[in-house]
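Chains, contacts and geometry: an overview
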Amino acid sequence: MNPQAKLIFTISLMLGTTITISSHHWVMAWAGLEINTLAILPLISKSHHPRAIEAATKYFLTQSAASALLLFSSMTNAWHTGQWDITQMTHPVSSLILTAAIAMKLGLVPFHFWYPEVLQGSPLTTGLLLSTIMKLPPITLLFMTSPSLNPTLLTTMAILSAALGGWMGLNQTQIRKILAFSSISHLGWMAIILVYNPKLTLLNFYMYALMTAAVFLTLNSMKVLKLTTLMTAWTKTPSLNAMLLLTLLSLAGLPPLTGFLPKWLIIQELTKQDMAPAATIISLLSLLSLFFYLRLVYCTTITLPPHTTNHMKQWHISKPTNMLIAILTTMSITLLPMAPMILTII
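Computed from a prediction, not measured in an experiment: that's the story for all the values here. (Residues numbered from 1 in each chain as written. Predicted model: local features only at pLDDT ≥ 70, side-chain atom pairs only at ≥ 80, totals over all residues. Heavy atoms only, no water.)

On a plain count of helices and strands, the chain comes out with 16 helices and zero strands. Principal axes of the C-alpha set define a box for the chain whose edges measure 70 × 50 × 35 Å. Taken over 346 residues, the chain has a buried fraction of 54%. Computed over 17 positive and 6 negative side-chain charges, the inter-centroid distance for the chain is 19 Å. (Helix = DSSP H or I, 4+ residues; strand = E, 2+ residues; numbered from the N terminus. Buried < 20%, exposed > 50% of the residue type's maximum accessible area, 1.4 Å probe, protein only. Lys, Arg positive; Asp, Glu negative; His and termini not counted. Charge placed at Lys NZ, Arg CZ, Asp CG, Glu CD.)

Turning next to helix α10 (residues 198–222). With 25 residues, α10 should reach 36 Å at 1.5 Å per residue; the first-to-last C-alpha distance of 36 Å fits that figure. Most of α10 is tucked away: 21 of the 25 residues are buried. Downstream of α10 by a residue or two, Lys-223 has a phi angle that is positive, lying close to 55°. (Expected span 1.5 Å × (residues − 1).)

What follows concerns the pattern of salt bridges. Note on pairing: side chains with opposite charge can pair once their charged atoms come close. Tallied over the full model, the rule gives three salt bridges. Measuring nitrogen to oxygen at the nearest pair gives 3.7 Å for the salt bridge that ties Glu-117 to Lys-58. Placement of Glu-117 in helix α5 (residues 114–121) and of Lys-58 in helix α3 (residues 50–81) is noted, with a sequence separation of 59 residues between them. We classify Glu-117 as partly exposed; its relative accessible area is 27%. The exposure class assigned to Lys-58 is partly exposed, which follows from its relative accessible area of 29%. Two residues, Glu-117 and Lys-177, come together in a salt bridge whose shortest N-O distance is 3.5 Å. Of the two residues, Glu-117 is situated in helix α5 and Lys-177 in helix α9 (residues 175–193); the sequence distance between them amounts to 60 residues. Take Lys-177: its relative accessible area is 18%, and that puts it in the buried class. Linked through salt bridges whose partners overlap, the residues forming this network are Glu-54, Lys-58, Glu-117 and Lys-177. (Salt bridge = Lys/Arg side-chain N within 4 Å of Asp/Glu carboxyl O.)

UniProt records the feature "domain: NADH:quinone oxidoreductase/Mrp antiporter transmembrane" (unreviewed entry) at residues 23–288, using the numbering of this structure. Taken end to end, residues 23–288 is 76% helix and 0% strand, and its first and last C-alpha atoms sit 38 Å apart. (UniProt positions renumbered as here; feature names shortened; annotations may be inferred.)

For the pair helix α6 (residues 124–131) and α10, interaxial distance at closest approach is 9 Å and the crossing angle is 175°. Classed by the angle they form, the pair α6 and α10 counts as roughly antiparallel. In this structure, α6 uses Leu-124, Thr-125, Gly-127, Leu-128 and Ser-131 to contact α10, whose residues at the interface are Tyr-208, Thr-212, Ala-213, Phe-216, Leu-217, Leu-219 and Asn-220. Grouping the constituent residues of the contact of α6 with α10 by class yields seven nonpolar, five polar and no charged. (Axes fitted to C-alpha atoms, helices over the stretch in contact; angles between N-to-C directions. Parallel < 35°, antiparallel > 145°, perpendicular 65-115°, else oblique. Contact = heavy atoms within 4.5 Å. Nonpolar A, V, L, I, M, F, W, Y, C, P; charged D, E, K, R; others polar.)

Attention now goes to unusual backbone geometry. Val-109 connects to Pro-110 through a cis peptide bond whose omega is 10°. Here Pro-110 is to be found in the loop between α4 (92–106) and α5. With an omega dihedral of 5°, the bond running from Pro-255 to Pro-256 counts as a cis peptide bond. One can find Pro-256 in the loop between α12 (238–252) and α13 (260–272). For His-48, which is not glycine, the phi dihedral falls at a positive 60°.

Another aspect to go through is the packing of aromatic side chains. A complete count under the given rule lists five aromatic pairs for this structure. Between the aromatic rings of Tyr-59 and Trp-114, the centroid separation amounts to 5.6 Å while the plane-to-plane angle is 65°, which identifies the pairing as edge-to-face. In this pair, Tyr-59 is assigned in helix α3 and Trp-114 in helix α5, connecting sequence segments 55 residues apart. Members of the aromatic cluster, each reached through a chain of ring pairs, are Tyr-59, Trp-114 and Tyr-115. Its end group placed over the ring of Tyr-115, Lys-135 keeps NZ or CZ at 4.0 Å from the ring centre. (Phe/Tyr/Trp six-rings, centres within 6.5 Å; stacked < 30°, edge-to-face > 60°. Lys NZ or Arg CZ within 6 Å of the ring centre and 35° of its normal.)

Written as structure tokens, this is what we have:
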């Protein structure tokens, strides 16, 4: 892709995100989401592979339907209440339609079918954008409308997302699909706490974005897309592989790593809200995700020689690791002791 074109699309992406997260009027928020969608489409289909074109088409159709629903819900609310302000979403039917629209934008169950397919058809760098920055505007809209959303509906969708994200990731061999189902599972954790403590949803999203960025950039630097190539990638950059092991375990939410912090706080808050059964169910369902993270970890580092493989060993890379990967990986592993400071910030 032409560097100037890539620069324009990246700036448009940042512009669309900024417009949505800083707007008070529904039409401005909708316009920002549309700019975002149009800016990411060329980045998904830049390889001109049939799979990439298919992914871009699926993404466009899903996001268009979600945007239309979002506009419809805001118009219905304005019709009944006379308010276009995002925080004044008080009409119950409008809130239900909005929840469906944003669930479709994010890839929450039962609107999750497009997400693994789109991520599988995209390059790793675009997959990183889809998993992090593209989720920020819809999550911001959920944050702003959280007082008027239906807690029962969100809890149901959250538990289903954690369950399906775990189950459907078990049998995958493509790393991008595994990361897509991991994202669906994490979205469940964000949705379950949204009504009770929206700041925890944002904290969970920031931590998830941090860890996912570290994983995607590491995989991109090692040029790994499948579990079979991951098994022989340790010869390229052994130290980076060891760090990838810890980052994946952090993404799984194991203590004493960073990923444990949002889960710990969410379980604590759910228990305070007399939702111990929901907390128990979603904690048990996160064990399914832990299983496929452990598979990734096993393929990353634990399958060291002597072992039999039909793949040729790859050349050791002497070039230094990207500084950004080093910073993100360190933060993905070591932020748990800073929990008190993070809590005072939020």
